Amino acid sequence: MTSTAGIKVLGIGGSLRDGSQSERALRIALAGAAEAGATTSAVTGGGLALPFYDAGDAERSGGATELIEAVRHADGLIVVSPGYHGAMSGLVKNALDYVEDLRSDVRPYLAGRAVGVIAVAHGWQAAVTTLTQLRTIAHALRGWPTPLGGAVNTAEVKFDESGGASEEKVVDNLRLIGRQVTEFGQAQRAL
């Protein structure tokens, strides 16, 4: 197996509530990326409380600048959103809107990067529609959604504080998404 040294995977997601179910899902997926050899970091909770994205205003808050720099230097991303009323959260969508600031980069938007997408909601309908939205946005930003995406129904699955969940299959799938992001990053680097 080729070394994945130096692969950076950035996690974006969760909610303003520390330790939310969506943040716990993100941590499990990032653990899968780390198991595959990636260096991981995350922007969650309060780190996502950014001013509304305004393409016409060149000034950025410190948090927005940090987010854009983290995305710029990432080899892959894992994006997790709670499903609110059948859609992704405004918090996560606003964070993804800041990727527009990478439009003029040598590697514009999310070009050449795998994007693992996971939706966490209380019910299948919101989990699936949110997952579809995340995939659509990853495509629009020129990213490569991983073959496996995650739709987690918290009416049936509960995440715990120790990095697990009530359904081992869910944990395995989330870790697999993290591994797929890392493996794609390594493949891109080998080109």
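Relevant structure appears above.
Scope of this entry: the structure provided in the associated data block.

Cut-offs and rules
- Along each chain, the written sequence defines residue order, and numbers are assigned to residues from 1.
- Totals for whole chains, interfaces and linings use every residue, but because this is a predicted model, local features are given only for residues with pLDDT of at least 70 and side-chain atom pairs only at 80 or more, for both listing and counting.
- Remark: hydrogens and water are excluded; side-chain values derive from all non-hydrogen atoms of the structure.
- For the purposes of this entry, the term helix denotes a DSSP run of H or I that reaches at least four residues, the term strand denotes a run of E that reaches at least two, and both are numbered from the N terminus.
- The size measure is the radius of gyration over C-alpha atoms, and the globule rule it meets is 2.2 Å times the number of residues to the 0.38 power.
- In this analysis, axes come from line fits to C-alpha atoms, helices being fitted only over the stretch in contact, and the angle between any two N-to-C directions falls in the range 0 to 180 degrees.
- In these notes the angle categories are as follows: under 35 degrees is roughly parallel, over 145 is roughly antiparallel, 65 to 115 is roughly perpendicular, and the rest is oblique.
- Crossing handedness: left-handed means the near helix sits turned counterclockwise from the far one by under a right angle, and right-handed means the same turn made clockwise.
- Whether two residues are in contact is decided by their heavy atoms, any of which lying within 4.5 Å being enough.
- Buried residues of nine kinds, namely Ala, Val, Leu, Ile, Met, Phe, Trp, Tyr and Cys, make up a nonpolar core once their side-chain atoms join them within 4.5 Å.
- Each residue gets one of three labels from its accessible area relative to the maximum for its type: buried under 20%, exposed over 50%, partly exposed in between, using a 1.4 Å probe on protein chains only.
- Whenever two N or O atoms come within 3.5 Å, that pair is a polar contact, provided that in protein one can donate a hydrogen and the other can accept it, and provided that, for residues adjacent in sequence, both atoms are side-chain atoms.
- Multiplying one less than the number of residues by 1.5 Å gives the expected span of a helix.
- For this quantity, the arc is that covered by the directions from the helix axis to the C-beta atoms.
- Any Phe, Tyr or Trp ring, taking Trp's six-membered ring, that has another such ring centre within 6.5 Å forms a pair; planes under 30 degrees apart are called stacked, those over 60 apart edge-to-face, and the others tilted.

In terms of helices and strands, the chain carries 5 helices and 7 strands. Element order for the chain, N to C, with α for helix and β for strand: β-α-β-α-β-β-α-β-α-β-β-α. Its C-alpha radius of gyration of 15 Å places the chain within 12% of the 16 Å reference for a compact globule of 191 residues. With respect to the principal axes defined by its C-alpha atoms, the chain has extents near 45 × 40 × 25 Å.

One can describe the packing of helix α1 (residues 21–35) onto helix α5 (residues 168–190) by two numbers: an axis separation of 7 Å at closest approach and a directional angle of 50 degrees. Relative to α5, α1 is oriented oblique. Here α1 runs over α5; the crossing is right-handed. Of the residues in α5, those touching α1 at A25, I28, A29, A31, G32, A33 and E35 are V171, L174, R175, G178, R179 and T182.

Attention now goes to the nonpolar core. I12, L67, V71 and L77 are the most contacted members of the largest nonpolar core, which totals 30 residues. Broken down by secondary-structure element, the contributors of at least two residues to this core are β1 (8–13), α2 (62–73), β3 (76–84), α3 (90–97), β5 (114–121) and α4 (124–140). Excluding residues within four positions of it along the chain, L67 makes contact with I12, V43, L50, A95 and Y98. Of all hydrophobic cores here, the second largest spans 23 residues; its members include L26, A38, A165 and I177.

Take S81: it is sitting in strand β3. In this structure the side chain of S81 is engaged in a polar contact, spanning 3.0 Å, whose partner is the backbone nitrogen of S89. If sequence neighbours within four positions are ignored, S81 has contacts with S22, M88, S89, V92, I118, A119, V120, T130 and L134.

On to the side chain of N94, then. Tracing the backbone shows N94 in helix α3. By relative accessible area, N94 is classed as buried at 8%. A distance of 2.8 Å separates a polar atom in the side chain of N94 from the backbone nitrogen of Y53. Apart from the residues lying within four places of it in its own chain, the contact partners of N94 are L50, P51, F52 and Y53.

An ideal rise of 1.5 Å per residue puts 16 Å on 12 residues; α2 measures up with 17 Å between its terminal C-alpha atoms. Within α2, burial applies to A64, L67, I68 and V71. On an axial view of α2, the arc spanned by its buried residues comes to 95 degrees, and they lie on one face. The inward-facing, buried residues of α2 abut β1, β2 (39–44), β3 and α3.

For the rest of this paragraph, the subject is unusual backbone geometry. Residue Y109 is not a glycine yet carries a positive backbone phi of 50 degrees. Note on placement: Y109 falls in the loop between α3 and β5. Its identity is not glycine, yet R142 carries a phi of approximately 70 degrees, on the positive side. Tracing the backbone through its elements, the reader meets R142 in the loop between α4 and β6 (144–145).

Below, the discussion takes up the packing of aromatic side chains. For the structure on display, the rule yields 2 aromatic pairs. Both rings, one in Y53 and one in Y98, keep their centres 5.0 Å apart while their planes meet at 80 degrees; by these two values the pair is edge-to-face. Of this pair, Y53 sits in the loop between β2 and α2 while Y98 sits in the loop between α3 and β5; the two residues are 45 residues apart in sequence, bridging distant segments of the chain. Both residues of the pair, Y53 and Y98, count as buried. Here the aromatic rings of W144 and F184 are separated by 5.7 Å at their centres, their planes lie at 35 degrees, and the arrangement is tilted. With W144 in strand β6 and F184 in helix α5, the pair connects residues that are 40 residues apart, well separated along the chain.

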